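# Chains, contacts and geometry: an overview
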Amino acid sequence: EYPDYINCGVELTDRLVEKGFGDRTALIGNGRRRTYKELADWTNRLARALVENYGVTPGNRVLIRSPNNPAMVACWLAATKAGAVVVNTMPMLRAGELTKIVDKAEISLALCDTRIKDELIACAKDSRFLKQVIGFDGTANHDAELDRVALDKPVTFEAVKTGRDDVCLLGFTSGTTGIPKATMHFHRDVLIIADGYAKEVLNVTPDDVFVGSPPLAFTFGLGGLAVFPLRFGAAATLLESATPPNMIEIIEKYRATISFTAPTAYRAMMKAMDEGADLSSLRIAVSAGETLPAPVYEEWTRKTGKPILDGIGATEMLHIFITNRLDDRAPGSTGKAVSGYEAKIVDEDMNELPRGEVGRLAVRGPTGCRYLDDDRQKDYVRDGWNLTGDSFTHDTDGHFHFAARSDDMILSAGYNIAGPEVEAALLSHELVAECAVIGAPDEERGQIVEAYIVLANGADGDEETIRLLQAHVKAMIAPYKYPRSVRFVETLPKTQTGKIQRFRLRDAASS
Ligand code: 3SK
């Protein structure tokens, strides 16, 4: 329950100062700590600059382009306080990709870390919409136009009186299809994900210190590395380059307690433990973005003695809507719906399937799904239920289990084979660092299981390695699921958010 008028930018800054958290650390990044009072002042100055110098008015769409750093968080909060609708974008996007976003959201003003301005300038050059690109300094020096303008402003700002159902954020889906969709989120949605998932499942306290790798432009990162800590007076560490070694350094230095990243990074962090990495301060590891293979769950639990919680979210729903819990978790399970959300497994006609049957995961809840001006709303949202791109089962105890991306099911000689199950079996072998499994066309069997494998320690694979891994899979799961074709690769194709793009492998295999 939220008041009719609420501005989530204020709720994540000034409200904490009012509650007595002013002197506590809010953000750590680029070698500096900022307290809640400093963050409130900083965002108020920036908000004034946006309104008084750059003409931002409520409802204007503002694009932000930056790696994860405190300045990006401050710009997001400032624009939100000014009543703008923010579009956070990945720092790696090229001019062409930025143009699709700018055109879709009709963005006229962008705030950009000056170190990565070029692509945005190139996008603005021919843009019908983008008229102003204002630079800020993402390092701790504060030496760019926006910083200088903001520095002269008073530290007070009367935030725009936004309605709880006013849109404040557009989340762009990663666009694996090449045609991105924008999902609209309200001020209250931003608070719901904290007051729901983060409170209920993570039980965040002001003593928590957050660390993680997802970009703030991906709502998994925005929630885990900004909204959740700031809602509860905790501290967020922000890393511009969130490699596993960098995350470990931060965990050790600041005694981080909650991590947000994907299974591959957890595997690398466990390996580093063998060389002495100290992860003992972590009380919870949140894993999402890719399903958590059971071997990674088991190894993490054994090695750290701490819980690793797999969850599934979606940009459409803003954050995680099905999750394991501290007192209800199991390897290979994604868990149960977060309070306030409902999930079910449906067939093509939206009929709910009996427990245990594989079907499409549908979800509904308070945070979504509303696409911005998109005909695809009717395809992806039916009767208020958002159809995800994932196939799941629902067991008799109410736990959901990932089966495959809906298009990751492999049909081979009449067998339905879930590619991720084969991946999990391969990943349980010490030689395999990463892998992706697809169905490749085959005259005899329709499709065969084909595995693309990155070997650990950069090793080269040969026929002997293939036989070894095939035998391993046959020993782990039903032998018909073993990969008849194995290809060793140096890297796997991934989206900006780190999701493996199996469709690229599929396209290559069928061409
Ligand atoms: O599971 C995901 O990919 C996801 C997407 C958006 C927000 C949060 C999550 C975990």
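Now for a quick tour of the structure.

Quick notes on the rules
Residues numbered from 1 in each chain as written. Predicted model: local features only at pLDDT ≥ 70, side-chain atom pairs only at ≥ 80, totals over all residues. Heavy atoms only, no water. Axes fitted to C-alpha atoms, helices over the stretch in contact; angles between N-to-C directions. Helix = DSSP H or I, 4+ residues; strand = E, 2+ residues; numbered from the N terminus. Parallel < 35°, antiparallel > 145°, perpendicular 65-115°, else oblique. Left-handed = near helix turned anticlockwise from the far one by under 90°. Contact = heavy atoms within 4.5 Å. Nonpolar A, V, L, I, M, F, W, Y, C, P; charged D, E, K, R; others polar. Near = heavy atom within 4 Å. Polar contact = N/O pair within 3.5 Å; in protein donor to acceptor, adjacent residues only side chain to side chain. Areas by Shrake-Rupley, 256 points an atom, 1.4 Å probe, with all protein chains shown as cover. Pairing = 2+ DSSP bridges. Expected span 1.5 Å × (residues − 1). Buried < 20%, exposed > 50% of the residue type's maximum accessible area, 1.4 Å probe, protein only. Arc of directions from axis to C-beta. Salt bridge = Lys/Arg side-chain N within 4 Å of Asp/Glu carboxyl O. Phe/Tyr/Trp six-rings, centres within 6.5 Å; stacked < 30°, edge-to-face > 60°. Lys NZ or Arg CZ within 6 Å of the ring centre and 35° of its normal.

Direction vectors running N to C along helix 3 (residues 36–52) and helix 4 (residues 70–81) enclose 60°, while the axes themselves pass 8 Å from each other. Overall, the two elements helix 3 and helix 4 adopt an arrangement that is oblique. The way helix 3 lies across helix 4 gives a crossing that is right-handed. Here Leu39, Ala40, Trp42, Thr43, Asn44, Leu46, Ala47 and Leu50 of helix 3 lie close against helix 4, whose contacting residues are Pro70, Ala71, Ala74, Cys75, Leu77, Ala78, Ala79 and Lys81. Here the residues of the contact of helix 3 with helix 4 are counted per class, giving 13 nonpolar, two polar and one charged.

Moving on to the site of the ligand. By nearness alone, 13 residues border the ligand, and Thr219, Ala288, Gly313, Ala314 and Lys499 come closest of all. Within the backbone of Gly313, an N or O atom sits 2.9 Å from an oxygen atom of the ligand. Contact distances for the ligand include 2.6 Å between an oxygen atom and a side-chain N or O atom of Lys499. A total of 280 Å² of accessible area belongs to the ligand in isolation, and the protein chains cover 96% of it. Considering only residue class, the shell around the ligand consists of seven nonpolar, five polar and one charged.

Spatially, three strands are ordered 23-24-25 in an open sheet, and the strand pairing comes out mixed. Single-partner strands in this sheet number two, and they are strand 23 (432–442) and strand 25 (485–488). The mean angle between the axes of side-by-side strands here comes to 25°, regardless of whether they run parallel or antiparallel. Bridging between strand 23 and strand 24 (residues 446–455) involves 10 bridges; their strand directions are antiparallel. In the strand pairing of strand 24, Cys435 is matched with Ile453. Relative to the sheet, helix 15 (residues 463–476) contacts strand 23, strand 24 and strand 25, its axis offset from that of strand 25 by approximately 125°.

So, about the packing of helix 11 (residues 263–274) against helix 12 (residues 294–304). Interhelical geometry of helix 11 versus helix 12 gives an angle of 35° and a closest axis separation of 10 Å. Judged by the sense of rotation from one axis to the other, the crossing of helix 11 with helix 12 is left-handed. Packed against helix 11, whose contacting residues are Pro263, Tyr266, Arg267, Met269, Met270, Met273 and Asp274, the element helix 12 presents Val296, Glu299, Trp300, Lys303 and Thr304 at the interface.

Given a rise of 1.5 Å per residue, 12 residues ought to cover 16 Å, and the 17 Å separating the end C-alpha atoms of helix 11 matches this to within 8%. Note on helix 11: the residue one or two positions beyond its end, Gly276, has a positive phi of about 105°.

As a further point, take the environment of Ala440. Along the polypeptide, Ala440 turns up in strand 23. Considered as a pair, Ala440 and Ser510 are 70 residues apart in the sequence and their alpha carbons are 6.6 Å apart. Leave out the neighbours within four places in its chain, and Ala440 touches Gly446, Gln447, Ile448, Glu450 and Ala509.

Quick look at helix 10 (residues 244–254) now. If you check which residues of helix 10 are buried, you get Met247, Ile248, Ile250, Ile251 and Tyr254. For helix 10, the angular spread of the buried residues around the axis is 165°, confining them to a single face. Exposed residues lying more than 90 degrees from the buried face of helix 10 are Pro245, Glu249 and Lys253. Of the surrounding elements, those touching the buried residues of helix 10 are strand 1 (25–29), strand 2 (32–35), strand 9 (209–212), strand 10 (235–238), strand 11 (258–261) and helix 11. Once helix 10 ends, the next one or two residues include Arg255, with phi positive near 50°.

Right, let's talk about the pairing of strand 20 (residues 400–405) for a bit. Remember that side chains alternate between the two faces of the sheet whenever the strand is regular. In this structure, strand 19 (residues 385–394) lies alongside strand 20, joined through five bridges in antiparallel fashion. When the bridges of strand 20 are listed, Phe392 appears paired with Phe402. Hairpin remark: strand 19 followed by strand 20, antiparallel, with five residues in the connecting loop; positive phi at Gly398, about 95°.

Using the criterion set out here, one finds 31 salt bridges in the structure. Close ionic contact of Asp189 with Arg370 constitutes a salt bridge, the shortest N to O distance being 2.6 Å. Of this pair, Asp189 sits in helix 8 (residues 187–200) while Arg370 is found in the loop between strand 17 (359–364) and helix 13 (377–380), placing the two residues 181 residues apart along the sequence. Note on Asp189: relative accessible area 0%, which makes it buried. Each of Glu11, Arg15, Glu18, Asp195 and Arg231 takes part in a single network of salt bridges with overlapping partners.

Here the focus is the sheet that holds strand 14 (residues 320–323). In sheet architecture, strand pairing relies on hydrogen bonds along the backbone and comes in two forms, parallel and antiparallel. Read across the open sheet, the nine strands follow the order 2-1-10-9-11-12-13-14-15; overall the sheet is mixed. Two strands in the sheet have a free side with no partner beyond their single neighbour: strand 2 and strand 15 (336–337). Across three bridges, the pairing between strand 12 (residues 284–287) and strand 13 (residues 308–313) is parallel. The residue bridging Val286 from the neighbouring strand is Leu309, located in strand 13. Sheet strands in contact with helix 3 are strand 1 and strand 2, and its direction is about 85° off that of strand 2.

Now for the side chain of Ser259. Among the secondary structure elements, Ser259 is positioned in strand 11. For Ser259, the side chain forms a polar contact with the side chain of Tyr266, separated by 3.0 Å. Filtering out sequence-adjacent residues up to four positions away, Ser259 remains in contact with Val211, Tyr266, Leu282, Ile284, Ala285 and Val286.

Attention now goes to the packing of aromatic side chains. Applying the stated criterion to the full structure yields eight aromatic pairs. Taking 5.8 Å as the distance between ring centres and 45° as the angle between the ring planes, the aromatic pair formed by Tyr197 and Phe228 counts as tilted. With Tyr197 in helix 8 and Phe228 in helix 9 (residues 219–231), this residue pair connects regions lying 31 residues apart in the sequence. Owing to a relative accessible area of 0%, Phe228 belongs among the buried residues under this scheme. Aromatic pair Tyr266 and Trp300: ring centres 4.9 Å apart, planes at 70°, arrangement edge-to-face. On the criterion of sequence distance, the pair formed by Tyr266 in helix 11 and Trp300 in helix 12 is long-range, its members being 34 residues apart. Neither Tyr266 nor Trp300 differs from the other in exposure class; each is buried. In textbook terms, an aromatic cluster arises when at least three aromatic residues are bridged by ring pairs, as seen for Tyr197, Phe210, Phe218, Phe220, Phe228 and Phe260. Of note, Lys474 hangs over the ring of Tyr482, and the distance from its end group to the ring centre comes to 4.2 Å.

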